[in-house]
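# Close look at the chain arrangement
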Amino acid sequence: MTWSGTRYAHNGSVDVAYDALGGSRGAPLLLVMGLATARFWWPDGLCEAFADAGFAVARYDQRDAGESTRMPDTATTNPFKALFGRRGDAYTSEDMTDDAVAVLDALGWDRAHVFGHSLGGVIAQRLALRHPDRVLSVTSSAALPSDVSGLRVLRYLRFGLPARLARARFPEGREGDIEASLAVWRGIASPGYPFDEAAARAWVEAQVDSGPRDTRAQSRQIGAQWHGPPLRELRRPTLVLHGEQDPLLRVAAARATARAIAGARLVTFPGVGHDLPAALWRAVAREVGDLAASE
């Protein structure tokens, strides 16, 4: 199976890049990647496992990531300050959920199962809250509860890895983007599973992404404020996944998410970091398939 060429959905002046996995058929499944990173960060093997589980798979770049529209710079250029702020300068989180709806419209999908990882998990939760008629089920992976903001986020964060990455310096241009992406891959990798440095480098060199070093885009995304319903109002079948050794977010974040949503299923993985290692791809696809069957 191969990915279609890049296509674009439109939300006002924002062009949202997306593609679909050729040969995948079945229930629609939309994938939402995390902070300022392109859709290419979804592992092909995981996407193929979803296809084998009976899903038609599509993925997109959030605004300020990948091939989607980059928004104008704002005063806030520090992601930590943006995270704890109470005012978003560029756009709202509602705007980000509406980008996902634009992709659904472009795909011709009235409704879809939604799988979001990291910040994408937060957007998946908010999409189901703002547009419940467009969402069949939600899988939130390695994510915060969607209605937590400001200093309340502190209880869920681990600061070691973000601080190391913030201090790291990389050369300008393509090589710097590659090294920054590799540093992120190494940092979020699961300590209980082998890390294939050669494979990671080959993937990063083939899919060069400036997102991991673009603090301005990160600040705009993470600073986008949510004004919608609280998480307890989410009424779609929900699966919450989290690595027990996640270096960015404590497992307490997943527990709080699952506790807030009636009937949510929580699955935590020993030895897993902030990624989804290859050994788990089939198991994750089965979990998402079981969730879809319960809808």
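Just above sits the structure.
Since the model is a prediction, treat every value here as computed from it, not as a measurement.

### Points about the overall build of the chain
Helix and strand counts for the chain come out as 10 helices and 8 strands. Expected size for 295 residues packed as a compact globule is a radius of gyration near 19 Å; at 17 Å, the chain falls within 12% of this value. Residues counted as buried form 55% of the 295 residues belonging to the chain. Counting contacts in the chain only where the partners sit at least 6 residues apart, residues at least 24 apart contribute 76% of the total. Averaged over its 34 positive side-chain charges, the chain has a centre that lies 7 Å from the centre of its 34 negative ones.

### Digging into the nonpolar core
With 46 residues, the main nonpolar core has L30, Y60, V103, L107, W109 and L144 as its most contacted residues. Mapped onto this core, the elements with two or more residues apiece are strand 2 (14–20), strand 3 (27–32), strand 4 (55–60), helix 3 (93–107), strand 5 (112–117), helix 4 (119–130), strand 6 (135–141) and helix 9 (251–260). Beyond its immediate sequence surroundings of up to four residues, L144 is in contact with V122, Q125, V153, Y156, L249, A253 and T257. Grouped together as the second largest cluster of nonpolar side chains are 36 residues, L31, W185, V272 and A292 included.

### Considering the packing of aromatic side chains
For the coordinates displayed, the defined rule picks out 7 aromatic pairs. Measuring from centroid to centroid gives 5.2 Å for W41 and W185, while their planes differ by 5 degrees, and the two rings are stacked. Of this pair, W41 sits in the loop between strand 3 and helix 1 (44–52) while W185 sits in helix 6 (residues 174–188); the two residues are 144 residues apart in sequence, bridging distant segments of the chain. For the pair shown, W41 and W185 are each scored as buried. The interplanar angle of 90 degrees and the centroid separation of 6.4 Å between the aromatic rings of F50 and F55 together place this pair among those described as edge-to-face. Every member of this aromatic cluster is reached through a ring pair, and the members are W42, F50, F55 and F115. Positioned above the aromatic ring of W3, the side-chain terminus of R59 is 3.6 Å from the ring centre. A cation sits over an aromatic face here: R63 above Y91, 4.9 Å from the ring centre.

### Some remarks on the packing of helix 1 against helix 10 (residues 281–294)
Interaxial distance between helix 1 and helix 10 falls to 9 Å at its minimum, and their mutual angle equals 40 degrees. As judged from the angle between their axes, helix 1 and helix 10 are oblique. For the element pair helix 1 and helix 10, the recorded crossing hand is right-handed. Taking contact as the criterion, the partners of G45, L46, E48, A49, F50 and D52 in helix 1 are, on helix 10, W281, R282, V284, A285 and V288. Considering only residue class, the contact of helix 1 with helix 10 consists of 7 nonpolar, 1 polar and 3 charged.

### Considerations on the sheet that holds strand 5
The strand order across the open sheet built from 8 strands is 1-2-4-3-5-6-7-8, with neighbouring strands paired in mixed fashion. The two strands at the open ends of the sheet, each matched to only one other strand, are strand 1 (7–11) and strand 8 (265–269). Sheet twist, expressed as the average angle between the axes of neighbouring strands with direction ignored, equals 25 degrees. For strand 3 and strand 4, the ladder comprises 6 bridges, and the chain directions are parallel. Directly across from L30, in strand 4, lies its bridge partner A58.

### Considering unusual backbone geometry
Residue D64 is not a glycine yet carries a positive backbone phi of 70 degrees. Relative to the assigned elements, D64 resides in the loop between strand 4 and helix 2 (79–84). Even without a glycine there, the phi angle at A142 is positive, about 55 degrees. Topologically, A142 is positioned in the loop between strand 6 and helix 5 (160–167).

### Some points on the environment of G273
As for its position among the elements, G273 is in the loop between strand 8 and helix 10. Given the relative accessible area of 1%, G273 is considered buried. Put simply, G273 and L249 are 24 residues apart on the chain and 9.2 Å apart in space, counted from C-alpha to C-alpha. If sequence neighbours within four positions are ignored, G273 has contacts with I188, A189, S190, P191, G243, Q245, D246 and P247.

### Points about the environment of A53
For A53, the location among the structural elements is in the loop between helix 1 and strand 4. Since its relative accessible area comes to 37%, A53 is described here as partly exposed. Put simply, A53 and F159 are 106 residues apart on the chain and 36 Å apart in space, counted from C-alpha to C-alpha.

Calculation rules
- Residues numbered from 1 in each chain as written.
- Predicted model: local features only at pLDDT ≥ 70, side-chain atom pairs only at ≥ 80, totals over all residues.
- Heavy atoms only, no water.
- Helix = DSSP H or I, 4+ residues; strand = E, 2+ residues; numbered from the N terminus.
- Rg over C-alpha atoms; globule rule 2.2 N^0.38 Å.
- Buried < 20%, exposed > 50% of the residue type's maximum accessible area, 1.4 Å probe, protein only.
- Contact = heavy atoms within 4.5 Å.
- Lys, Arg positive; Asp, Glu negative; His and termini not counted.
- Charge placed at Lys NZ, Arg CZ, Asp CG, Glu CD.
- Core = buried A, V, L, I, M, F, W, Y, C linked by side-chain atoms within 4.5 Å.
- Phe/Tyr/Trp six-rings, centres within 6.5 Å; stacked < 30°, edge-to-face > 60°.
- Lys NZ or Arg CZ within 6 Å of the ring centre and 35° of its normal.
- Axes fitted to C-alpha atoms, helices over the stretch in contact; angles between N-to-C directions.
- Parallel < 35°, antiparallel > 145°, perpendicular 65-115°, else oblique.
- Left-handed = near helix turned anticlockwise from the far one by under 90°.
- Nonpolar A, V, L, I, M, F, W, Y, C, P; charged D, E, K, R; others polar.
- Pairing = 2+ DSSP bridges.

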